[in-house]
Amino acid sequence: MKNIFLSLVSLLLGFSSYAQLKSPSDFLGYELGTQFTRHHQVIDYVNHVSENSGFAQTAAYGKTNEGRTLQLVYLSAPENLAQLESLRKDHLRSIGYAEGAKETTKEFSVVWLSYNVHGNESTSTEAALKTLHSLVSEKKDWLENLIVIMDPCINPDGRDRYVNWYNQVKSTPFDSAPEANEHFEEWPGGRYNHYYFDLNRDWAWLSQKESQQRLPNYLAWMPQIHVDFHEQGVDSPYYFAPAVEPYHEVITDFQREFQTTIAKNHSRYFDKEGWLYFTDEVFDLLYPGYGDTYPMFNGAIGMTYEQGGSGRAGLSIRNRVGDLLSLKDRIAHHYTSGLSTVEVAHNNTTRLNREFRNYHSAKDGKFATYAIEGPSDKMEALMHLLNAHQIPMQQLAQATNIKGIEFSSQKNKNTAFSPKAIILNGKGKKSKLIQALFEPQTQFSDSLTYDITSWALPYAYGLKAVASNQRVKTTAIVASNKTFEVDKSAYAYAAERKSIQDGQFLAALIKAGVRVSYNEIPLTNGGETWDMGSVFVLKTQNKHLPNLGETVANIAKETKQEVHSLSSGLSDKGPDLGSNQLRFMANKTIGLLKSDNASPQGYGEIWHFIEQQLNYPLIQLSDERLNERFLNNLDVLIIPPGYYSSLFNNEGDNALSKWIKAGGRVIALGSALNAFTNNSLFSLQRKTAAEQASQEIAFNAQERENIRSVIYGSIYRASVDPSHPLAAGYSSNYFTLKTSAAAYSLLENNGTAAYLSKNVQPVAGFSGDKAIKLQSESLLFGTERVGSGSVVYFVDNPLYRSFWENGKLWLVNAIFM
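First, a word on scope: everything that follows refers to the structure included in this document. Only a predicted model underlies this, so the values are computations on that prediction, with no experimental measurement involved.

## Focus on a negative patch on the surface
Phase 1: A cluster of acidic residues, Glu186, Asp596, Asp623 and Glu624, forms a negative patch on the protein surface.
Phase 2: Here Asp623 is to be found in the loop between strand E26 (619-622) and helix H20 (628-631).

## Digging into the sheet that holds strand E23 (residues 564-566)
Phase 1: The strand order across the open sheet formed by five strands is E23-E18-E22-E19-E24, and the pairing between neighbours is antiparallel. Pairing within the sheet leaves two strands with one partner each, and these edge strands are E23 and strand E24 (582-585). When strand polarity is set aside, the average angle formed by the axes of neighbouring strands in this sheet is 35°.
Phase 2: Here strand E19 (residues 516-519) runs beside strand E22 (residues 535-538); their pairing, made up of two bridges, is antiparallel. Opposite Ser517, over in E22, you have Phe536 as the bridge partner.

## Quick notes on the packing of helix H5 (residues 84-93) against helix H8 (residues 209-221)
Phase 1: Viewed as axis vectors pointing N to C, H5 and H8 meet at an angle of 75°, and their least axial separation amounts to 8 Å. As judged from the angle between their axes, H5 and H8 are roughly perpendicular. Note on element contacts: H8 touches H5 through Leu219, Ala220 and Trp221, opposite Leu84, Arg88, His91 and Leu92.
Phase 2: Among the residues making up the contact of H5 with H8, the classes are represented as five nonpolar, one polar and one charged.

## Focus: the environment of Asp502
Phase 1: Among the structural elements, Asp502 can be located in helix H17 (residues 500-511).
Phase 2: A relative accessible area of 5% places Asp502 in the buried class.
Phase 3: For the pair Asp502 and Pro575, spaced 73 residues apart in sequence, the C-alpha to C-alpha distance is 22 Å.
Phase 4: Excluding its chain neighbours within four sequence positions, the residues that come into contact with Asp502 are Asp377, Glu496, Arg497 and Gln561.

## Observations concerning the side chain of Lys808
Phase 1: Relative to the helices and strands, Lys808 resides in helix H24 (residues 808-816).
Phase 2: The exposure class assigned to Lys808 is buried, which follows from its relative accessible area of 1%.
Phase 3: A polar side-chain atom of Lys808 sits 2.7 Å from a polar atom in the side chain of Gln613.
Phase 4: A distance of 2.5 Å separates a polar atom in the side chain of Lys808 from a polar atom in the side chain of Glu805.
Phase 5: In this view, Lys808 contacts Ile500, Phe609, Gln613, Tyr730, Pro798, Leu799 and Ser802; residues no more than four positions away in its chain are not counted.

## Thoughts on the side chain of Thr677
Phase 1: Within the secondary structure, Thr677 is located in the loop between strand E28 (665-669) and helix H22 (702-706).
Phase 2: Judged by its relative accessible area of 12%, Thr677 falls in the buried class.
Phase 3: Only 2.8 Å separates the side chain of Thr677 from the backbone oxygen of Asn674, close enough to count as a polar contact.
Phase 4: Beyond its immediate sequence surroundings of up to four residues, Thr677 is in contact with Leu684, Gln685, Arg686 and Tyr744.

## Considerations on empty space enclosed by the protein
Phase 1: Using the criterion set out here, one finds five cavities of 30 Å³ or more in the structure.
Phase 2: Approximately 80 Å³ is the volume attributed to the largest cavity.
Phase 3: Residue lining of the largest cavity: Tyr97, Phe297, Asn298, Tyr359, His360, Ala362, Gly428, Lys429, Lys430, Ser431, Lys432 and Leu433, and that is the complete set.
Phase 4: For the lining of the largest cavity, the elements supplying multiple residues, two or more each, are helix H13 (349-361) and helix H15 (431-438).
Phase 5: Of the residues forming the lining of the largest cavity, the biggest block, three residues, is contributed by H15.
Phase 6: Along the lines of polarity and charge, the residues of the lining of the largest cavity split into five nonpolar, four polar and three charged.
Phase 7: In this structure, the second largest cavity encloses a volume near 70 Å³.
Phase 8: Every residue lining the second largest cavity is listed: Lys378, Ala381, Tyr461, Lys498, Ser499, Ile500, Gln501, Tyr730, Glu805, Asn806 and Leu809.
Phase 9: Along the lines of polarity and charge, the residues of the lining of the second largest cavity split into five nonpolar, three polar and three charged.

## Topic: helix H6 (residues 123-135)
Phase 1: Here H6 spans 18 Å end to end across 13 residues, near enough to the 18 Å set by a 1.5 Å rise per residue.
Phase 2: With 12 of 13 residues buried, H6 lies mostly within the body of the structure.
Phase 3: For H6, the complete set of buried residues consists of Thr123, Ser124, Thr125, Glu126, Ala127, Ala128, Leu129, Thr131, Leu132, His133, Ser134 and Leu135.

## Looking at the packing of aromatic side chains
Phase 1: Applying the stated criterion across every chain yields a total of 50 aromatic pairs.
Phase 2: Both rings, one in Phe676 and one in Tyr793, keep their centres 5.7 Å apart while their planes meet at 80°; by these two values the pair is edge-to-face. One end of the pair, Phe676, is in the loop between E28 and H22; the other, Tyr793, is in strand E34 (residues 789-794), with 117 residues separating them in the sequence. Comparing Phe676 with Tyr793 shows no difference in burial state: the two are buried.
Phase 3: Every member of this aromatic cluster is reached through a ring pair, and the members are Trp205, Tyr287, Tyr290, Trp455, Phe803 and Trp804.
Phase 4: The ring of Tyr247 is capped by Arg256, whose NZ or CZ atom sits 4.0 Å from the centre of that ring.
Phase 5: A cation over an aromatic ring shows up here: Arg268 above the ring of Tyr269, its NZ or CZ 4.9 Å from the ring centre.

## A few points about the sheet that holds strand E15 (residues 422-425)
Phase 1: Taken in spatial order, the seven strands line up as E14-E13-E16-E11-E15-E12-E17 in an open sheet, and their pairing is antiparallel. Each edge of the open sheet is held by one strand with a lone partner, namely strand E14 (411-417) and strand E17 (474-475).
Phase 2: With two bridges connecting them, strand E12 (residues 394-396) and E17 associate as antiparallel partners. Following the sheet pairing, Leu396 is matched in E17 by Thr474.

What counts, and where the lines are drawn
Residues numbered from 1 in each chain as written. Predicted model: local features only at pLDDT ≥ 70, side-chain atom pairs only at ≥ 80, totals over all residues. Heavy atoms only, no water. Patch = residues over 30% accessible without salt bridge, like charges linked within 9 Å, V, L, I, M, F, W, Y side chains within 5 Å. Areas by Shrake-Rupley, 256 points an atom, 1.4 Å probe, with all protein chains shown as cover. Salt bridge = Lys/Arg side-chain N within 4 Å of Asp/Glu carboxyl O. Lys, Arg positive; Asp, Glu negative; His and termini not counted. Charge placed at Lys NZ, Arg CZ, Asp CG, Glu CD. Helix = DSSP H or I, 4+ residues; strand = E, 2+ residues; numbered from the N terminus. Pairing = 2+ DSSP bridges. Axes fitted to C-alpha atoms, helices over the stretch in contact; angles between N-to-C directions. Parallel < 35°, antiparallel > 145°, perpendicular 65-115°, else oblique. Contact = heavy atoms within 4.5 Å. Nonpolar A, V, L, I, M, F, W, Y, C, P; charged D, E, K, R; others polar. Buried < 20%, exposed > 50% of the residue type's maximum accessible area, 1.4 Å probe, protein only. Polar contact = N/O pair within 3.5 Å; in protein donor to acceptor, adjacent residues only side chain to side chain. 1 Å grid on protein atoms, 1.4 Å probe; cavity = no way out; pocket = protein on both sides within 12 Å on 5 of 7 lines; lining within 4 Å. Points joined across faces, edges and corners; volume = space filled by probe spheres on them. Expected span 1.5 Å × (residues − 1). Phe/Tyr/Trp six-rings, centres within 6.5 Å; stacked < 30°, edge-to-face > 60°. Lys NZ or Arg CZ within 6 Å of the ring centre and 35° of its normal.

Note that all results are geometric; they support no functional claim without further evidence.
What follows is the structure, given as structure tokens:
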């Protein structure tokens, strides 16, 4: 009787809502596909559907940097939505991710559809509106055994940047000529979020606000299918999975097979319409930060769908064969693949549930134990990331020697760990995700890949680690007990500078007007040994701050850094605190060069780091204002990766050259270093490969030949001069992530702070043999005096995607040294 009643309620609700529900075109007041929909209109329509259909509920999950709403919509039968929280808990219980007795008897699967992660790939949000309407009207029968979660726009800031730009420059109604202005976005384009980050590279690292707010919702549901809707070049046909090799080795046979099951269903619809498509090309499943791979590593069928168009297509464009590609066409393709995906899930619920349970109950990780240990700041940063991914952690019960692959040497050996070491169970909950993030060597079946090939977190965080098949005794993690109290009558205050957290403390002191010094050589004072580059605050140098002790204590508490109170300036060993070997670190006014020639991502990484992580003031300076008037207000100018042809002239007498020679400091990163070569003002020299006798390469072998000269995100061990001011806080070895094969000669006059040694080999990841030879005895980080000023060179970008935590202190040092 109860079921009959619920069915009648469902029918009446469905009939009533259908009578009031409007299509996207009727609600918006224009035919979908004839103009782009702004984000606030998207939210309005999603709310309209929720208010006028018993098959939809909405939930806001956050705000973007620019204040736009991030919102999910849950689609299911009304009786399912009425017990949504109970169904969610039961779903997690089925895979061992929640405790308690089952609350419902419903069998269902969860499908998550993500749209518009790249803002200028704008078709997908339009398609989301059409898909939403169809699912709650024509296709609502599918929702009886499904919960479909739609995120109609992951990247609202990027989308509105693109839509607003397009509406400002387009012809009326549009211009399909491919050379028209409306098909060429202005820098930085709409692809990225507010800070110019690619959110489809951030699922694993969670550096961005949007990712941080989205992931808890994703993990609260653990969908069995996740689709990430994209666009590619205007001349490309539609792409849907299965993906091409390399697949990460943790991806199961079922995950591979079910991609094909879905593809066969798509092909029925695409074949009927005569639409072009391709599979098993271009897009692989290796790097863990994507919207297809991250779900895969959590047991889902993760897939990317790519429609031709992207930021070039606008409302209509003529492609290279002369056909018109319209926004309406693009919407139809994404709409069709989205509905087809839901249909397959509806028809395969039992199988999806069984295989999902099997995935999460498997105990087949490559290693049984991952042991990690290091300085508390770095460990806390790593644990914060692992907690966000809901990865279980334990602590060693006692000091233990663990035999396994030691990360630093990549050798199988015994390594001693203290009881403070963190232990991850490589054959328990989240074991496949743990393996993907921590394995010493990423295994891949093909070196032709779409992205970087190494990212192991112990290297990224600068930690000692072992991957082992040895079982160890563990206990619950004991929270660290840092103290932030200081003796307010102390002679001086001292703190380490060995992590980015220490760098945040240093920047906060300087920003607050505290006068800070660092020691050029190690010293012992107050019962502690202070390595080169440690931070000292002397009361006698801060008489302008009557409450110095309180100021230091408050900043220490805010930045969670330990500070030592020193009672005397007389050191037990090394220079006394009044020595000239303690150097003053002045407040710096920092500029960031903004140019159409800069990499938007490289620019954004610096912008985000200084503004959001270092919390330090930053002046964004257009290259049009690179003149004496503005430069003279700066102490430091950071030049992001990019290709600049006119920063300097050969005579060395333009505004930037004069400013450097007069005492300014330039920090150049990545490809920006090219601007400093072939110029008499600087000594930087780019290395070139030795010429080899030419030989015939078959046309179909050219791509394989080309990758001999590239590096796809490989990890290298660098040698460090720990006495160099730029290297403060670093030991004699540092692991760097190389994303380019570009190499430069070592600097003279003690300018080289870090370098790659002779005959260096990658520790992990793919590097072509020709690229490897070029790295031998090459610069990594260094400084050069130019007149009264200096240039700091970063061959590798330590801020790449903001996940290489152990590299961030290099930039702090470059700014304040």
